[in-house]
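Report on the structure
Residue-level listing of the chains:
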Amino acid sequence: LALLAAAACGGGVSNREAAALVRRYNAALIAAYRQNDASPMDAVATSGETKRIFVLVELKRSNDIVLESDLESLEVTSVERQGPGGLTVETRERWRYFDRPLAPGRPPGTVFVCATALRYEFLRQKGEWKMDRARTLSNEYLEPKGYEPRSQSHAPGGAGPGLPGGAPFRAY
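Position numbers for residues count from 1 along each chain, tracking the sequence in the order it is written. It should be noted that, the model being predicted, local features are given only for residues of pLDDT at least 70 and side-chain atom pairs only at 80 or more, the latter also being counted only at that level, while totals for whole chains, interfaces and linings use all residues. Hydrogens and water molecules were not included; the side-chain quantities draw on all heavy atoms of the structure.

Describing the overall build of the protein chain
Heads up, the condition is: Segments assigned H or I by DSSP are reported as helices when at least four residues long, segments assigned E as strands when at least two residues long, and all are numbered from the N terminus. Buried residues are those whose accessible area, probed at 1.4 Å on protein chains only, stays under 20% of the maximum for their type, while exposed residues exceed 50% and partly exposed ones sit between those limits. Throughout, a contact is declared for two residues whenever any of their heavy atoms are within 4.5 Å. Under the convention used here, a 1.4 Å probe and the Shrake-Rupley method define accessible areas, while residue burial counts only the protein chains that appear.
Of the regular secondary structure elements, the protein chain holds three helices and four strands. Moving toward the C terminus, one meets the helices and strands of the protein chain in the order α-α-α-β-β-β-β. Scored against the burial criterion, the 172 residues of the protein chain give a buried share of 43%. Partitioning the contacts of the protein chain with sequence separation of at least 6, the portion at a separation of at least 24 is 59%. Total accessible area on the protein chain is roughly 8,700 Å²; 54% of this is exposed by carbon and sulfur atoms.

In structure tokens form, the structure reads like this:
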């Protein structure tokens, strides 16, 4: 029974601990976009993920905009250990975000609200869990009403900057 309980909890990582890892990563991501500075990612992500976010932050900066985002809710739906150095966490999340222009007098971008299911892959590096990659499993735009993505810039898995796993303002 103890082995079954450990397996159900991601091999010793509880849903609560997994949620804390995802929240920590997302808090750094929000800060990186908001501050136009990817350095907060160093503490929570692998070097490959940090470099990817750096490129996306620079894209926003080069367009004189800042991404403002809020993680409104997060629910861990699955936790699975991938050997001693890997962890997969699946979540359901609700995000609200928009582009804020840096130039005075320019109006903010459209506010998007989405419900997204994500799969995060964490790697153990120097005793710490670091987010290595994420993938969008599903994405639904709740606002603006009737919004359907026309291009990859705001589509799950698209090329535009955004949320974890390719959700609206992330690309994976």
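More follows now that the structure is in view.
Re unusual backbone geometry
The peptide bond linking Glu 143 to Pro 144 adopts the cis configuration, its omega dihedral lying at -10°. Relative to the assigned elements, Pro 144 resides in the segment after β4 (128-143). Although it is not a glycine, Asn 36 adopts a positive phi angle of roughly 55°. Within the element layout of this structure, Asn 36 appears in the loop between α2 (15-35) and α3 (47-62). Positive phi, normally seen in glycine, also occurs at Asp 64, with a value near 55°. Relative to the helices and strands, Asp 64 resides in the loop between α3 and β1 (65-81). With a relative accessible area of 43%, Asp 64 lands in the partly exposed category.

Concerning the side chain of Thr 50
Relative to the helices and strands, Thr 50 is located in helix α3. Classification of Thr 50 as buried rests on a relative accessible area of 11%. In this view, Thr 50 contacts Ala 38, Met 41, Asp 42 and Ala 45; residues no more than four positions away in its chain are not counted.

A short note on the packing of aromatic side chains
Quick reminder of the rule: Each pair of aromatic rings taken from Phe, Tyr and Trp, with Trp reduced to its six-membered ring, is defined by centres within 6.5 Å and is described as stacked if the planes are under 30 degrees apart, edge-to-face if over 60, and tilted in the remaining cases.
Taken as a whole and assessed by the stated rule, the structure comprises six aromatic pairs. Where Tyr 25 meets Tyr 120, the ring centres are 6.2 Å apart and the plane angle is 70°; that geometry is what we call edge-to-face. Highlighted residues: Tyr 25 in helix α2 and Tyr 120 in strand β3 (residues 112-125), separated in sequence by 95 residues. Measuring from ring centre to ring centre gives 4.8 Å for Tyr 141 and Tyr 147, while their planes differ by 70°; the resulting arrangement is edge-to-face. Judged by its relative accessible area of 13%, Tyr 141 falls in the buried class. Clustering of aromatic rings is evident, with ring pairs tying together Tyr 97, Phe 112, Tyr 141 and Tyr 147.

Let's talk about the confidence of the model for the protein chain
For clarity, the cut-off: The predictor attaches a confidence to each residue, called pLDDT, with possible values from 0 through 100.
On average, residues of the protein chain score 85 in pLDDT, and 81% of them reach the 70 mark or higher. Across residues 165-172, confidence stays below pLDDT 50; counting only partners more than four residues off in sequence or on other chains, it has 68 contacts.

What about the environment of Ala 45?
The residue Ala 45 is located in the loop between α2 and α3 in this model. Overall, Ala 45 belongs to the buried group, its relative accessible area being 3%. Along the chain, Ala 45 and Met 131 lie 86 residues apart, while their C-alpha atoms are 4.5 Å from each other. Once residues within four sequence positions are removed from consideration, Ala 45 is found in contact with Tyr 25, Thr 50, Lys 130 and Met 131.

Structural notes on the environment of Phe 98
Along the chain, Phe 98 turns up in strand β2 (residues 86-101). Aside from chain neighbours lying at most four places away, what touches Phe 98 is Val 66, Leu 67, Glu 68, Pro 108, Gly 109, Thr 110 and Val 111.

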